[in-house]
Amino acid sequence: MTQNETTRKCIASGQVLEKQHLLRFVAIPDGTIVPDFKKRLPGKGIYVSISKTMLNKAIKNNLFSKALKQKVNPIENLENMVEDILRLSSLKSISLARKAGFMISGLDKVSDAIKKNKVAFLLEAYNAGTDGTEKISRLAGNIQIYRLFTTEELDKALDKTNTVHCAFLKSEMSNAVSREFDRLNQFLNS
């Protein structure tokens, strides 16, 4: 693959980035801009950095129309739609990791896995209580801890109750989940 096949230019920042660091959008026949992260819709892809700020800039400055050289309009609430898609994709990956046996939950099980050096990264509900959070943080050391979801969101994704602490065991599956989390985290915090 040539660099041209793996990179695209962000219409908001002007940066040329690897496709994996960009969000893809297309104009559907009525001229509405919609997300197409799975690259399944026909039409020319328009790319924006994985950034809420860059997406807002593209919307406010009419950069989708400029990139396509035609009048197009972003679908209503595009920013919220993008966040929802990224969030749902991350939650689905958590569920898949659990079903595949690469995710465990519960303070004691997570603590034990950390002590046995089996953990790739951790996920903690951002509305978790301070006692468990402090204990996990002390044990985690240099292990990355994501705080992207509420307890309620994790409960729904895992069909459990009171899900606060999750550990993802070292595996390719966990690497894929981490990439999903990184995309969501990057979008929310940039």
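Refer to the preceding data block for the structure.
Residues numbered from 1 in each chain as written. Predicted model: local features only at pLDDT ≥ 70, side-chain atom pairs only at ≥ 80, totals over all residues. Heavy atoms only, no water.

## Points about helix α8 (residues 172-188)
Test applied: The way it works is that DSSP assigns letters per residue, a run of H or I at least four long becomes a helix, a run of E at least two long becomes a strand, and they are numbered from the N terminus. In this analysis, the expected span of each helix is defined as 1.5 Å times one less than the number of residues it contains. A 1.4 Å probe rolled over the protein chains alone gives each residue an accessible area, and that area as a share of the maximum for its type sets the label: buried under 20%, exposed over 50%, partly exposed in between. When checking whether two residues touch, look at their non-hydrogen atoms; a contact exists if any pair is within 4.5 Å. Any N or O atom pair separated by 3.5 Å or less is treated as a polar contact, with the protein-specific requirement of one donor-capable and one acceptor-capable atom, and with residues adjacent in sequence counted only for side-chain atom pairs.
Between the first and last C-alpha of α8 there are 25 Å, a value that for 17 residues agrees with the 24 Å anticipated at 1.5 Å per step. For α8, the full list of buried residues reads Ser174, Val177, Ser178, Phe181, Arg183, Leu184 and Phe187. Looking at the buried positions of α8, the neighbouring elements they touch are β3 (22-27), α2 (52-60), α4 (78-99), β8 (119-124), β9 (145-146) and β10 (165-169). Where α8 begins, one side-chain oxygen reaches toward the backbone nitrogen of Met173, 3.4 Å away; that side chain belongs to Ser171.

## Observations regarding the sheet that holds strand β4 (residues 32-35)
Formally: If DSSP finds at least two bridges between two strands, the strands pair. Each axis is a line fitted through C-alpha atoms, taken for helices only over the stretch in contact, and angles between the N-to-C directions span 0 to 180 degrees.
Strand order in the open sheet formed by four strands is β5-β3-β4-β6, with mixed pairing between adjacent strands. Two strands lie at the open edges of the sheet, namely β5 (46-49) and β6 (73-74), each paired on one side alone. Both β3 and β4 contribute to a ladder of three bridges, which runs antiparallel. The residue bridging Val26 from the neighbouring strand is Val34, located in β4. Contacts between α2 and the sheet are confined to β3, β5 and β6, with β5 contributing the most and set at about 135 degrees to the helix.

## Some thoughts on the pairing of β3
Judged by how many residues are buried, β3 sits mostly within the fold: five of six residues are covered. Pairing of β3 with β5 involves four bridges; the strand directions are antiparallel. The partner of Leu22 across the bridge, within β5, is Ser49. Linking β3 to β4, which pair antiparallel, is a turn of four residues; within it Gly31 sits at a positive phi near 90 degrees.

## Regarding the side chain of Glu83
For Glu83, the location among the structural elements is in helix α4. Of the polar contacts made by the side chain of Glu83, one reaches the side chain of Lys52; its length is 3.2 Å. When near neighbours in sequence (up to four residues on either side) are disregarded, Glu83 contacts Lys52, Leu184, Phe187 and Leu188.

## So, the environment of Pro35
Topologically, Pro35 is positioned in strand β4. Separated by 100 residues in sequence, Pro35 and Lys135 place their C-alpha atoms 40 Å apart. Residues within four places of Pro35 in sequence aside, it is in contact with Arg24, Phe25, Leu41, Leu78, Met81, Val82 and Ile85.

## So, unusual backbone geometry
Even without glycine at this site, Asn77 takes up a positive phi of about 60 degrees. Tracing the backbone through its elements, the reader meets Asn77 in the loop between β6 and α4.

## Describing the layout of surface pockets
Selection rule: A pocket, in this scheme, is an open set of points on a 1 Å grid over the protein atoms alone with protein on both sides within 12 Å along at least 5 of 7 lines, while a cavity is a set where a 1.4 Å probe fits but cannot get out; residues line either one if an atom lies within 4 Å of a point. Grid points are joined across faces, edges and corners, and a volume is the space filled by probe spheres set on the points. Note on residue classes: Ala, Val, Leu, Ile, Met, Phe, Trp, Tyr, Cys and Pro are nonpolar, Asp, Glu, Lys and Arg are charged, and everything else, Gly too, is polar.
A volume near 660 Å³ is recorded for the largest pocket. In this structure, the largest pocket is lined by 23 residues; those nearest its centre are Phe37, Lys38, Ser89, Glu180 and Arg183. Contributions of two or more residues to the lining of the largest pocket are made by β3, α4 and α8. Among the elements that make up the lining of the largest pocket, the one with the highest residue count is α4 (eight residues). Taken together, the residues that form the lining of the largest pocket break down as 10 nonpolar, three polar and 10 charged.

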